[in-house]
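Close look at the chain arrangement
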Amino acid sequence: MGRPRRNPLKRLAIVAASTGVTLSLVSGIGGPATAFTARAASLAVQPIAAIAESPSSIGIAEGYDFYAMDEAQIDRTLDAMESLGVKSIRLGVFWAAIEPQEGVYDWDKLDLLVAKATERDMGILGTILYTPAWASAEPESSELVNHPDPEKFGDFAGVLAEKYAGRISTYEIWNEPTARIFFDPVDPAAYTELLKAGYQSIKAADPSAIVVAGSVVPGPTYPDGAAMSPVEFLQGMYDAGAHGYFDAISYHPYLYSLPFSNGATQIDQFDYPIEQLGEMRALMVQNGDGNLKVWITEYGQPTNVSYQNSQLTEQQQAAFIEDLLRTWQNVQGAGPVFIYQTRDTQPNSTVPEDNLGLWTYAWDPKLAADVLKNLIAEFNPPTGPVVNPLQAFIEQIVRAVSQALAFIPNLITQVVQAVVGFVGSILGVNRPAAASTTGTTDAPPDLGTAAPHTESARMLGRQVSSDGADGDSITTQATPDDIAETTEPAPPAQTSAPEVEVDLTAGEGEDGEVVDSTDEVDIRQELTTPDPEVPSIADEPAAVNTGAVTGNSDGKKEDPVDRTPSDEAADSGDGTAD
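Structure report, in brief. (Residues numbered from 1 in each chain as written. Predicted model: local features only at pLDDT ≥ 70, side-chain atom pairs only at ≥ 80, totals over all residues. Heavy atoms only, no water.)

The secondary structure content of the protein amounts to 14 helices and 16 strands. Pairs at least 24 apart in sequence give 75% of the contacts found in the protein among residues at least 6 apart. Within the structure as shown, the protein displays about 26600 Å² of accessible surface, and the carbon and sulfur contribution to it stands at 53%. (Helix = DSSP H or I, 4+ residues; strand = E, 2+ residues; numbered from the N terminus. Contact = heavy atoms within 4.5 Å. Areas by Shrake-Rupley, 256 points an atom, 1.4 Å probe, with all protein chains shown as cover.)

Here it is in structure tokens:
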């Protein structure tokens, strides 16, 4: 039985229509005349859960109190952050709580925290810390701050990164290992082995993840090993081969008695946080890491407590935070900043570390909350909506298909007309038409009435062109039915940050006085210094302490005039027990 004869005109029409669909799709993806292309040019596409490596990226850091909250408290805390414009959070990944026995995991609380932050499109920095007893390098010890076995630490970090890939974008290896109350004994070489194991496992599980090292605090090195200066610790890391095993260095430049910027103008021998930052940057440059950023993953200032013979006020907290953030915008190699923390952790407490919140324990906002909100808006003026990459891709396909559907009827009509004319000319049925007053088939189309068959804006009810009929700028929005006519105002002028006269790329640090110590040390101990100038907030002068502080972000602070460490170390903001 012979094959049925196919209609060549039908085949030609099908081929032409298929070609039209293909061309329309290609044009929809890359062509300059498409609605999506015009729209995408004005939108910033940002990966989910990303934290911009910019000094204008300002988040909030939370400690163990956040991990211990119930769901309602978590929601309220995150809503408070969101009300300030905060888009990133630092939270603890408490290894000892998550994997109390080897291979046995309890992810419930971390799952909840990550889900709640992700719902609000917040970028997440997870700080991995605290050693389970079974993972300690010293099997007889159950101390949370003992060194873990690097291989076991790496195994946990890999499981963690694989589980939360795409949701936790950044991992910080440990918290404040320059202090014995967090990493006992203080040892940059041992820390570097931990860093290497964690870095390799995290990158194997999630190559896009950022790994932050250090989490160091300012202050001197103490002979008894209670603490090590951040400069010496970083040098020890490089000596142990840390280069190539981190993407950024983190720093906690706490100083309760002096604004961050003022440390660059002091003439005494005390190592102020901004000075030690300069020395750290010099080390990074010398070791080939000058292109990497320094992240501030904790900074805060207590309120409403008597401290070192002066009252720490809300005005001073707001002034110090504003000084740090404005100064940080002009620091070379500056990365994101995280302010510690959302809310005071205890009611009516006289302990400074219980009063670091931007809100009181009763949820009354402090002055610093408004300051932070205003600075976030100032440093991050709107530049257009941020779209999800998947959403952008789907919208692109929808527009391409819409263009194809509009193109096909016109194409088929033109093909049929061309084929009919061609067949007619072969058969001789077409004759030149006599002059007629009724019109001519050779007349050009009326451009005023012709419908643009590739104009997807007509089908979607939107205007695509960059200039409207009246000359106004017209842009499209993220939903197909919206048309937004915009005349965007110029972004607000930013208030210049304080000029800081400190070399952050090279140079030697000042020789600090070696301090004898025989017990645990608080890294924010204070010395008597001249009265510093404090930035004012809302024309209200800040009450400023007269001492300079060095130290860890947690623990009670004693009068350090003789630079002798205190006998106590309080529970930290990150949940470290005494």
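Bringing helix α7 (residues 150–163) into the picture now. Each α-helix winds once per 3.6 residues, and so residues spaced three or four apart point in a common direction. With 14 residues, α7 extends 20 Å from end C-alpha to end C-alpha; this agrees with the ideal 20 Å at 1.5 Å per step. The inward-facing, buried residues of α7 contact β3 (88–94), α5 (95–98), α6 (108–119), β4 (123–129), β5 (170–173) and α8 (188–205). (Expected span 1.5 Å × (residues − 1).)

Next up on the list: the pattern of salt bridges. Within the structure shown, the criterion is met by 13 salt bridges. Of the charged contacts, one joins R90 and E298 as a salt bridge, the two residues approaching to 2.8 Å between their closest N and O atoms. Here R90, found in strand β3, pairs with E298, found in the loop between β8 (293–296) and β9 (305–307); they are 208 residues apart in sequence, far enough to count as distant. Residue R90 is classed as buried on the basis of its relative accessible area of 1%. Close ionic contact of D111 with K163 constitutes a salt bridge, the shortest N to O distance being 3.4 Å. Placement of the pair is D111 in helix α6 and K163 in helix α7, with a sequence separation of 52 residues. Judged by relative accessible area, which is 25%, D111 ranks as partly exposed. Using a relative accessible area of 31% as the deciding quantity, one classes K163 as partly exposed. Here the salt bridges do not stand alone but share partners, grouping E71, D75, D79, E82, K116 and R120 into one network. (Salt bridge = Lys/Arg side-chain N within 4 Å of Asp/Glu carboxyl O. Buried < 20%, exposed > 50% of the residue type's maximum accessible area, 1.4 Å probe, protein only.)

In a regular helix each residue adds 1.5 Å, so 14 residues correspond to 20 Å; helix α10 (residues 273–286) covers 20 Å between its end C-alpha atoms and thus fits that length. Of all 14 residues making up α10, 12 are buried, and the element is well covered by its neighbours. Regarding α10, the residues found buried are P273, I274, E275, Q276, L277, G278, E279, M280, R281, A282, L283 and M284. Those residues of α10 that are buried lie in contact with β6 (210–216), α9 (230–239), β7 (248–251), β8 and α11 (314–328). Two residues or fewer after α10 comes G288, characterised by a positive phi angle close to 80°.

Moving on, we get to the sheet that holds β4. Strand order in the closed barrel formed by eight strands is β2-β3-β4-β5-β6-β7-β8-β11, and the pairing between neighbours is parallel. The sheet shows a mean angle of 30° between the axes of neighbouring strands, direction not considered. The strands that α10 touches are β6, β7 and β8; relative to β7, the one it contacts most, it runs at about 165°. (Pairing = 2+ DSSP bridges. Axes fitted to C-alpha atoms, helices over the stretch in contact; angles between N-to-C directions.)

To continue, consider unusual backbone geometry. P185 follows D184 through a cis peptide bond whose omega is -5°. Turning to its location among the elements, P185 is positioned in the loop between β5 and α8. Residue Q341 is bonded to the preceding Y340 through a cis peptide linkage, with omega at 0°. Note on placement: Q341 falls in the loop between β11 (334–340) and α12 (367–379). Phi angles above zero are rare outside glycine, and D121 is one such case at about 60°. Position of D121 among the secondary structure elements: in the loop between α6 and β4. On the accessibility criterion, D121 (58% relative accessible area) is exposed. The backbone of E176 shows a phi angle near 45°, a positive value even though the residue is not glycine. Along the polypeptide, E176 turns up in the loop between β5 and α8. Residue class for E176 comes out buried when judged on its relative accessible area of 0%.

Moving on to the pairing of β11. Burial runs high along β11: seven of the seven residues are buried. Bridge count for β8 against β11 is two bridges, and the pairing is parallel. Within the sheet, the bridge partner assigned to V294 lies in β11 and is A334.

Right, let's get into the pairing of strand β2 (residues 58–61). Side chains of β2 alternate between two faces, with I58 and I60 and G59 and A61 buried alike. Where β2 lies against β11, four bridges are found, and the strand directions are parallel. Bridge pairing links I58 to V337 in β11. As paired elements, β2 and β3 share two bridges and run parallel to each other. Residue pairing across strands places A61 opposite R90, the latter belonging to β3.

Worth remembering: the numbers are spatial, not functional.
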